[in-house]
Amino acid sequence: MRLYATVAAGGFRRHATYRVATAAGVFTNSVFGLVLSYTYIALWDERPALGGYSVDDAIAYVWIGQALITVCGLMGGGFEEELIERIRTGDIAVDLYRPADLQAWWFSANAGRSAYQLIGRGVLPMTIGWLVFRFTLPPGPGTWPAFLVAVALGSTVSFAIWYLVAMSAFWLLDGQGVAQVAWLSGLFFSGMLLPLNVFPGALGEIARTLPWASLLQVPADVYLGKYRGWELAGAYGFQVAWAVVLLGAGRVAQTAATRKVVVQGG
């Protein structure tokens, strides 16, 4: 555990060195947040209470999305390209022979990255959005820690998705095609473009049961106080279930990849 805590701390420090990139990210998220906010205002003026949200709720949803876009890897996990490149070049063989678990190593590094992104690119855009629009705040102080738990679980599900994407490079040689599919799926099915609650009929039902809903839709609804008591436990259970399934699939893929490397090396 000490090793992985050190890896997580290293991941935090690594991303903390890119201060200009962080500032650029805050600016970009804020600009997109402003554009989406005015788009949502126009939409909710035409369709009040769309998806069960007030216009203030909808604007809060926009800024939560901008805050979590890198924390929960809505458009990329932030590590998969490096891992895919190590697989492509064969450097992954060194990683597999280390006295450390590959999945746990990358999970720890990603956890450090997510923690930094939450502070560096999460807090400030939401603050800017609130100062401009005065959107809905959580209904009580207890909602904030509940929201952070949902964010942590969403980040875990995100890692599991992108780890599987990277592992595909063992068999496809180039994981960029799979990464593009995952990117588009995350963009649409996380609720980044529109809350999943406004999706009609079967499409909405399917979208809300896919793992990408854990990345934004669930944390946003926790923030807005849509879950209370057992409903909150159910929302966490949904995220945990997907995390267990996807991490388990990643473990299977890692085991198969290790055997492949051993056979080829032998």
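Now for a look at the structure at hand. In this text, all values refer to a predicted model and were calculated from it rather than measured experimentally.

## A look at the overall build of the protein chain
Part 1 of the reasoning: Along the backbone of the protein chain there are 12 helices and zero strands.
Part 2 of the reasoning: Secondary structure elements of the protein chain, listed N to C terminal, follow the sequence α-α-α-α-α-α-α-α-α-α-α-α.
Part 3 of the reasoning: Compactness check: the protein chain gives a C-alpha radius of gyration of 19 Å against a globular reference of 18 Å for 266 residues, within 12% of the reference.
Part 4 of the reasoning: In terms of overall dimensions, the protein chain has a C-alpha envelope of 65 × 40 × 35 Å along the principal axes.
Part 5 of the reasoning: Residues classed as buried in the protein chain amount to 48% of the 266 residues present.
Part 6 of the reasoning: At a minimum sequence separation of 6, the contacts of the protein chain that also span at least 24 residues come to 80%.

## Quick look at the nonpolar core
Part 1 of the reasoning: Ranked by internal contacts, the top residues of the largest apolar core, which has 49 residues, are Ile64, Leu216 and Tyr223.
Part 2 of the reasoning: Of all the secondary structure elements, the ones that give two or more residues to this core are helix H2 (19–46), helix H3 (55–68), helix H6 (102–133), helix H7 (143–167), helix H9 (176–189), helix H11 (217–223) and helix H12 (230–265).
Part 3 of the reasoning: Formed by 20 residues, the second largest nonpolar core is a distinct cluster that contains Phe79, Ile84, Trp162 and Ala182.

## Some details on the packing of H2 against H6
Part 1 of the reasoning: One way to put it is that H2 packs onto H6 with a least axis distance of 9 Å and a crossing angle of 40°. Our classification of the angle between H2 and H6 gives oblique. Of the two possible hands of crossing, H2 and H6 adopt the one that is right-handed. For the pair H2 and H6, the contacting residues are Thr22, Gly25, Val26, Asn29, Ser30, Leu34, Ser37, Tyr38 and Ile41 in the first and Tyr116, Gly120, Arg121, Leu124, Pro125, Ile128, Val132 and Phe133 in the second.
Part 2 of the reasoning: Taken together, the residues of the contact of H2 with H6 sort by class into 10 nonpolar, six polar and one charged.

## Points about the side chain of Ser37
Part 1 of the reasoning: With respect to the helices and strands, Ser37 occurs in helix H2.
Part 2 of the reasoning: In this structure Ser37 comes out as buried when scored by relative accessible area, which is 0%.
Part 3 of the reasoning: Discounting chain neighbours no more than four positions away, the residues touching Ser37 are Ile59, Val62, Trp63 and Phe133.

## A word on the packing of aromatic side chains
Part 1 of the reasoning: Applying the stated criterion to the full structure yields 16 aromatic pairs.
Part 2 of the reasoning: Between Tyr53 and Tyr61 the ring centres are 6.0 Å apart and the planes differ by 35°, which places this aromatic pair in the tilted class. Of the two residues, Tyr53 and Tyr61, neither departs from the other in class, the shared state being buried.
Part 3 of the reasoning: Their ring planes at 75° and their centres at 6.3 Å tell us that Trp144 and Phe147 sit as a pair that is edge-to-face. Here Phe147 and Trp144 lie together in helix H7, a separation of three residues that amounts to about one turn.
Part 4 of the reasoning: According to the relative accessible area criterion, Trp144 is partly exposed, its value standing at 39%.
Part 5 of the reasoning: The class of Phe147 is buried, set by a relative accessible area of 5%.
Part 6 of the reasoning: A network of ring pairs unites the aromatic residues Phe79, Trp106, Phe107, Phe159 and Tyr163 as a single cluster.
Part 7 of the reasoning: Positioned above the aromatic ring of Trp130 is the side chain of Arg134, whose terminal nitrogen or guanidinium carbon lies 4.1 Å from the ring centre.

## Section: unusual backbone geometry
Part 1 of the reasoning: The phi dihedral of Ala49 falls on the positive side, at around 65°, and the residue is not glycine.
Part 2 of the reasoning: Residue position: Ala49 is located in the loop between H2 and H3.
Part 3 of the reasoning: Despite not being glycine, Arg134 has its phi angle at roughly 50°, a positive value.

## Thoughts on the pattern of salt bridges
Part 1 of the reasoning: This structure, assessed with the given rule, holds six salt bridges.
Part 2 of the reasoning: Put simply, Asp57 and Lys226 hold a salt bridge, and the shortest N to O gap is 3.8 Å. In this pair, Asp57 sits in helix H3 while Lys226 sits in the loop between H11 and H12, placing the two residues 169 residues apart along the sequence.
Part 3 of the reasoning: A relative accessible area of 12% places Asp57 in the buried class.
Part 4 of the reasoning: As a salt-bridge pair, Arg208 and Glu205 come within 3.3 Å of each other at their nearest N and O atoms. Of the two residues, Arg208 and Glu205 both sit in helix H10 (residues 201–209), three residues apart, roughly one turn of that helix.
Part 5 of the reasoning: Relative accessible area serves as the criterion here: at 49%, Glu205 is assigned to the partly exposed category.

So, how was this worked out
Residues numbered from 1 in each chain as written. Predicted model: local features only at pLDDT ≥ 70, side-chain atom pairs only at ≥ 80, totals over all residues. Heavy atoms only, no water. Helix = DSSP H or I, 4+ residues; strand = E, 2+ residues; numbered from the N terminus. Rg over C-alpha atoms; globule rule 2.2 N^0.38 Å. Buried < 20%, exposed > 50% of the residue type's maximum accessible area, 1.4 Å probe, protein only. Contact = heavy atoms within 4.5 Å. Core = buried A, V, L, I, M, F, W, Y, C linked by side-chain atoms within 4.5 Å. Axes fitted to C-alpha atoms, helices over the stretch in contact; angles between N-to-C directions. Parallel < 35°, antiparallel > 145°, perpendicular 65-115°, else oblique. Left-handed = near helix turned anticlockwise from the far one by under 90°. Nonpolar A, V, L, I, M, F, W, Y, C, P; charged D, E, K, R; others polar. Phe/Tyr/Trp six-rings, centres within 6.5 Å; stacked < 30°, edge-to-face > 60°. Lys NZ or Arg CZ within 6 Å of the ring centre and 35° of its normal. Salt bridge = Lys/Arg side-chain N within 4 Å of Asp/Glu carboxyl O.

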